[in-house]
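Commentary on secondary and tertiary structure
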Amino acid sequence: MRSLPREPERRSAIGSFMKMAKAIRKQAQTAERVASTTADAFVANQMRSLAHAFRSQAEILKKKEKKKKKQSRSG
């Protein structure tokens, strides 16, 4: 029986960073939407803070992805 060729690990790792960053950005959008629709000022503020934290985390993942791509090209 034939086995399927495996994708190199670095490509799957980079792909997972991209997928994770996209999912985190989606969570940030959800938090912003909740913040804009809630009547409670405290909850709205907490949701905006959460959205900001999600976006920061997504940006960190994006930078890691770029760094890994750069390393894989040069090394």
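Heads up: these notes are all about the structure in this document. Note that the structure is a prediction, hence the values are computed from the model and not measured.

Another point: the overall build of the protein chain. Secondary structure summary: the protein chain contains two helices and zero strands in total. A fraction of 66% describes how many contacts in the protein chain between residues 6 or more apart in sequence connect residues 24 or more apart. A total of about 6,500 Å² of accessible surface is found on the protein chain, and carbon and sulfur atoms cover 54% of it.

Glancing now at the pattern of salt bridges. Side-chain pairing between opposite charges can occur once the charged atoms of the two side chains come close. Under the defined criterion, the tally for this structure stands at one salt bridge. For Glu32, the salt bridge goes to Arg55, with nearest N and O atoms at 3.5 Å. One end of the pair, Glu32, is in helix α1 (residues 9–37); the other, Arg55, is in helix α2 (residues 41–74), and 23 residues separate them in sequence. Residue classification places Glu32 among the partly exposed residues on the basis of a relative accessible area of 31%.

The next subject is α2. For α2, which comprises 34 residues, the first-to-last C-alpha distance of 50 Å matches the rise-based estimate of 50 Å (1.5 Å per residue) to within 8%. Of all the residues in α2, the buried ones are Ala44, Ala51, Ala58, Leu61 and Glu65. Where α2 begins, the capping side chain belongs to Asp40, and its oxygen is found 2.9 Å from the backbone nitrogen of Phe42.

About the criteria used
Residues numbered from 1 in each chain as written. Predicted model: local features only at pLDDT ≥ 70, side-chain atom pairs only at ≥ 80, totals over all residues. Heavy atoms only, no water. Helix = DSSP H or I, 4+ residues; strand = E, 2+ residues; numbered from the N terminus. Contact = heavy atoms within 4.5 Å. Areas by Shrake-Rupley, 256 points an atom, 1.4 Å probe, with all protein chains shown as cover. Salt bridge = Lys/Arg side-chain N within 4 Å of Asp/Glu carboxyl O. Buried < 20%, exposed > 50% of the residue type's maximum accessible area, 1.4 Å probe, protein only. Expected span 1.5 Å × (residues − 1). Polar contact = N/O pair within 3.5 Å; in protein donor to acceptor, adjacent residues only side chain to side chain.

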